[in-house]
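Spelled out from the first residue to the last, the chains are:
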Amino acid sequence: MLSKEYKSAYAQKIKKEYEIVREQYARKRTRGAPVTLEQACENALTLGWNNYKPVRPEQLGMQTITDASMSTLREYIDWTPFSMTWSLAGKYPRILDGGSG
């Protein structure tokens, strides 16, 4: 609910934002024609689970790692979910360099 005083300016702002979103979306579209349902079905992934035999781990259950340093572990941390949760623009690790996407 907006006052008559702010309604027009707000509507214009939203219109401009939607225009920008449409332009960004248009630039992201694929250049080729989409495949048909039949083509997609013909190209379906076949995994062959009937012949798969999983490898048994050497140790079952929970394991505690006590001799790993943070400098070693930080190489394995993907901060992208954290960045997305806090609405930070960009993907890890480029976000740390000031890059986006």
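Analysis parameters
Residues numbered from 1 in each chain as written. Predicted model: local features only at pLDDT ≥ 70, side-chain atom pairs only at ≥ 80, totals over all residues. Heavy atoms only, no water. Patch = residues over 30% accessible without salt bridge, like charges linked within 9 Å, V, L, I, M, F, W, Y side chains within 5 Å. Areas by Shrake-Rupley, 256 points an atom, 1.4 Å probe, with all protein chains shown as cover. Salt bridge = Lys/Arg side-chain N within 4 Å of Asp/Glu carboxyl O. Helix = DSSP H or I, 4+ residues; strand = E, 2+ residues; numbered from the N terminus. Buried < 20%, exposed > 50% of the residue type's maximum accessible area, 1.4 Å probe, protein only. pLDDT = per-residue confidence, 0-100. Polar contact = N/O pair within 3.5 Å; in protein donor to acceptor, adjacent residues only side chain to side chain.

1. A look at a nonpolar patch on the surface
Then comes step 1: A cluster of nonpolar residues, Met70, Leu73, Ile77, Trp79, Phe82, Trp86 and Leu88, forms a patch on the protein surface that exposes about 710 Å² of accessible area.
Then comes step 2: Along the chain, Trp79 falls in the loop between α3 (70-73) and α4 (80-85).
Then comes step 3: Using a relative accessible area of 37% as the deciding quantity, one classes Trp79 as partly exposed.

2. What about the pattern of salt bridges?
Then comes step 1: Going through the model one piece at a time under the given rule, you end up with 1 salt bridge.
Then comes step 2: Linking Lys16 and Glu19 is a salt bridge whose minimum nitrogen-to-oxygen distance equals 3.9 Å. Linking Lys16 with Glu19, this pair stays in helix α1 (residues 4-28), spanning 3 residues, or about one helical turn.
Then comes step 3: The exposure class assigned to Glu19 is partly exposed, which follows from its relative accessible area of 31%.

3. Quick notes on the confidence of the model for the protein chain
Low-pLDDT stretches of the model should not have their predicted coordinates read in fine detail.
Then comes step 1: Here the protein chain averages 84 in pLDDT, and 91% of its residues register 70 or above.
Then comes step 2: Taken element by element, the protein chain is modelled with least confidence in α4, mean pLDDT 80, and with most confidence in helix α2 (residues 37-42), mean pLDDT 95.

4. Focus: the side chain of Thr80
Then comes step 1: Checked against the element boundaries, Thr80 lands in helix α4.
Then comes step 2: A polar side-chain atom of Thr80 sits 2.7 Å from a polar atom in the side chain of Asp78.

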